[in-house]
Amino acid sequence: MKELNVEWLSRLKYGEAWELQKQLVKEIDRSERRDSLLLLEHSPTYTLGTDRHPEHLLYSKEELGRRGIEVFEIDRGGDITYHGPGQLVGYPLLYLDAAGLDLHQYLRNLEESIIKLLAEFGVEGGRKPEYTGVWVGDRKIAAIGVKFNKARTRRGFVTSHGFAFNVKRNVEEDGFQGIIPCGIAEYGVTSLETLTGTELQVEEIGRRIVPHFAEVFGYSSVTGEGILPLTRS
């Protein structure tokens, strides 16, 4: 039986969440903790991944300070993206056994979980073959960037980082105008509120993604802290 632990962490500064991920990756590697999915919001932050292009950050240091936006160069894949209030961030910390390992499929599974969530709202999410993430037409609603941490005590990897799903309308303007998101200049971003015309709460969307995530990744049991109930009523 595959078990998943889900925790709602509310709003957390990016640096704190990054350090927490590093700690939990080690615990999962040592089999001291079951696979986990952390769900949260971040304070305004830009993160630049390993494929970073600093020129895709458009704000000056002074403007970043005025707006209260932190910047981190981090160890996930991908270029620059924005995290901030109104966005559901998910960090799956999962052990992937080396036997039959398909790292590309892991990314597709993350996308599929979000596509299934969108379908609940009558929104058709999809993919663009040249990019990761989830799209609605030519607008991105969820960015994905991950790291596969090589396990030290067994054969395989432990995942970290994950997805950022735009829930509230304010996310589209609060931070994305200061970057070229993921280095993709020709396409824009959107949010679930914009697409549905309905006011939504990030924590509720966190609750609703859990069963889709568990189904796609094959977890038969889900426990959690701070985000119960975990299944749709």
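Before reading on, note that the structure itself is shown above.
Residues numbered from 1 in each chain as written. Predicted model: local features only at pLDDT ≥ 70, side-chain atom pairs only at ≥ 80, totals over all residues. Heavy atoms only, no water.

1. Let's talk about the sheet that holds strand 4 (residues 70-73)
Phase 1: Spatially, the 3 strands line up as an open sheet ordered 4-3-5, and their pairing is mixed. Two strands lie at the open edges of the sheet, namely strand 4 and strand 5 (80-83), each paired on one side alone. Between one strand and the next, the sheet's axes are offset by a mean angle of 20°, whatever the strand orientation.
Phase 2: One ladder, built from 4 bridges, connects strand 3 (residues 45-48) with strand 5; its direction is antiparallel. Counterpart to leucine 48 in the pairing with strand 5 is isoleucine 80.
Phase 3: Relative to strand 4, helix 1 (residues 14-29) is tilted by about 30°, and along the sheet it contacts strand 3, strand 4 and strand 5. (Pairing = 2+ DSSP bridges. Helix = DSSP H or I, 4+ residues; strand = E, 2+ residues; numbered from the N terminus. Axes fitted to C-alpha atoms, helices over the stretch in contact; angles between N-to-C directions. Contact = heavy atoms within 4.5 Å.)

2. Here's the deal with the pattern of salt bridges
Phase 1: Summed over the entire model, instances satisfying the criterion amount to 17 salt bridges.
Phase 2: Ionic pairing is found between arginine 34 and glutamate 3, a salt bridge with its closest N-O pair at 3.5 Å. One end of the pair, arginine 34, is in the loop between helix 1 and strand 2 (36-42); the other, glutamate 3, is in strand 1 (residues 3-12), with 31 residues separating them in the sequence.
Phase 3: Take arginine 34: its relative accessible area is 37%, and that puts it in the partly exposed class.
Phase 4: Measuring nitrogen to oxygen at the nearest pair gives 3.2 Å for the salt bridge that ties glutamate 19 to lysine 22. With glutamate 19 and lysine 22 both in helix 1 and 3 residues apart, the pair spans about one turn of that helix.
Phase 5: When its relative accessible area of 34% is taken as the criterion, lysine 22 is described as partly exposed.
Phase 6: Salt bridges here are not isolated pairs; linked through shared partners, they connect Arg108, Glu111, Glu112 and Arg127. (Salt bridge = Lys/Arg side-chain N within 4 Å of Asp/Glu carboxyl O. Buried < 20%, exposed > 50% of the residue type's maximum accessible area, 1.4 Å probe, protein only.)

3. A word on the side chain of glutamine 21
Phase 1: Within the element layout of this structure, glutamine 21 appears in helix 1.
Phase 2: Of the residues examined, glutamine 21 reaches a relative accessible area of 1% and is grouped as buried.
Phase 3: The residues contacting glutamine 21, other than those within four sequence positions of it, are Tyr91, Leu93, Ser160 and His161.

4. What about the environment of phenylalanine 72?
Phase 1: Here phenylalanine 72 is to be found in strand 4.
Phase 2: Note: C-alpha distance between phenylalanine 72 and tyrosine 46 (26 residues apart in sequence) is 6.4 Å.
Phase 3: Filtering out sequence-adjacent residues up to four positions away, phenylalanine 72 remains in contact with Tyr14, Gly15, Trp18, Thr45, Tyr46, Thr47 and Leu48.

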